[in-house]
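These are the residues of each chain, in order.
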Amino acid sequence: MTAPERDKYVDWLRALSLIVVVLWHWAFTILQWKPYGPEPTNPLGFTSGLWIFTWLLQVLPLFFYVGGHVHLLSWRRAQARGTGIHSFVWRRLRGLALPALFLSGAWIVIGAVVTYTFGVDWMWRVVLLVLSPLWFLAVYLMLIALLPVALWLHKHYDVLTLIWLGGAALVVDVLRFRYGLEWAGWLNMIIVWGLAHQAGFFYDRIVLLPRRYDIAVLWTGLFALFGLVYSGIYPGSMVGVPGDKWSNMAPPTFVIVALLLFQIGVVEVLRPSMERVLERPRWRRLNDFINRYALPLFLFHTTGMAISLGLSWWLFGTLGDQIPPDMKWWLERPIAIIGPLICTTPVIYLFGRRRAPVRQTADKDAGKSISSEHG
């Protein structure tokens, strides 16, 4: 039996989501050096109006959405081969958790050695900054562990599950903002991202919708974003900004549900054009190459960034950025990714390639060209 051809657009969206996160961290992290160590911020707190670009550049809702589709597709194939749900979930958890645990363990050891050997108390802050982008992997692992529940809800309640999750996210925001129950907000770490993941179960149905529905989804999400942001309750930025009374991401608010709708509409409207582009041999090779290294790049990109900043301090004595960022800082943004990229590449070569056997096994199981545990 011939394996079905993979959805190149899904491959592209998944890898693109991770690449955008990496480039954002490399290019737009402003590092301030305080007495207690490095403190990151971003340029949105020092500019006016640029937050609107986060409606496209905050791509984690899209990543969870595509991941939900891939998990459902892979589960159906595994089920057809006689694989049990618990075995399937365990294999997914192991494939994603092991490299993340390896990276975390390595940095904890480095932090301990540097701290106790050289008395550098702020080294633990460096370790925290390097590992902090892995928070979403922890949420992702939790969603994988809850996959049996998500599949049961999808089977028995279909689209009602999305409505219930969206309503629950809104109720959590009411408890948080109206009644001051800040702890309740953290429930949305599972509810909101669980909704995005569950929405991926409807991917095939969404693809089959007429184009006018794609446009309708886009405008529905856009109007919802506009109304929620300009209600004065929610910040406009989809990432944390210094000075905002709270963040739409930590923990996520109902605004992220609107952002998910908007981004689903955008990628479906762009689908016909992008599918034609991805059929070209040069773009197809680029797509395959990016997918091969997207997850290792994400895992190790802050390690490479830390190495790059350390070398810059050692060679040139420069550490920390201009606050607020000046024109020179903005003009240097394309160049800012070069150092971290150069320093991340050997780390991927030394450690990322060890994942190859896992990736090949997953490709065979899922009928895809990239590691199924990426999604």
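In the block above lies the structure referred to throughout.
Here the structure is a predicted model, which is why all the values come from computation and not from measurement.

Draft legend 1. Expanded view of the environment of Val126. On the secondary structure map, Val126 appears in helix H5 (residues 123-131). For Val126, a relative accessible area of 15% puts it in the buried group. Residues Val126 and Gly37 lie 89 residues apart in sequence; the distance between their C-alpha atoms is 7.6 Å. Every residue in contact with Val126, bar those within four places of it in the chain, is listed here: Pro38 and Trp107.

Draft legend 2. Geometry of the packing of aromatic side chains. Tallied over the full model, the rule gives 24 aromatic pairs. A ring pair is formed by Phe63 and Tyr140, whose centres lie 5.4 Å apart and whose planes are at 50 degrees; its orientation type is tilted. Taken together, the positions of Phe63 in helix H3 (residues 60-80) and Tyr140 in helix H6 (residues 135-145) put the pair 77 residues apart, joining distant regions of the chain. Judged by its relative accessible area of 3%, Phe63 falls in the buried class. Their ring planes at 20 degrees and their centres at 4.2 Å tell us that Phe177 and Trp246 sit as a pair that is stacked. Residue Phe177 is found in helix H8 (residues 160-177), and its partner Trp246 is found in the loop between helix H11 (211-229) and helix H12 (255-278); the two are separated by 69 residues along the sequence. Judged by its relative accessible area of 21%, Phe177 is partly exposed. A network of ring pairs unites the aromatic residues Phe63, Phe64, Trp135, Phe136, Tyr140, Trp193 and Phe298 as a single cluster. When the ring centre of Trp329 is taken as origin, the NZ or CZ atom of Arg333, which lies over that ring, is 3.8 Å away.

Rules used in this analysis
Residues numbered from 1 in each chain as written. Predicted model: local features only at pLDDT ≥ 70, side-chain atom pairs only at ≥ 80, totals over all residues. Heavy atoms only, no water. Helix = DSSP H or I, 4+ residues; strand = E, 2+ residues; numbered from the N terminus. Buried < 20%, exposed > 50% of the residue type's maximum accessible area, 1.4 Å probe, protein only. Contact = heavy atoms within 4.5 Å. Phe/Tyr/Trp six-rings, centres within 6.5 Å; stacked < 30°, edge-to-face > 60°. Lys NZ or Arg CZ within 6 Å of the ring centre and 35° of its normal.

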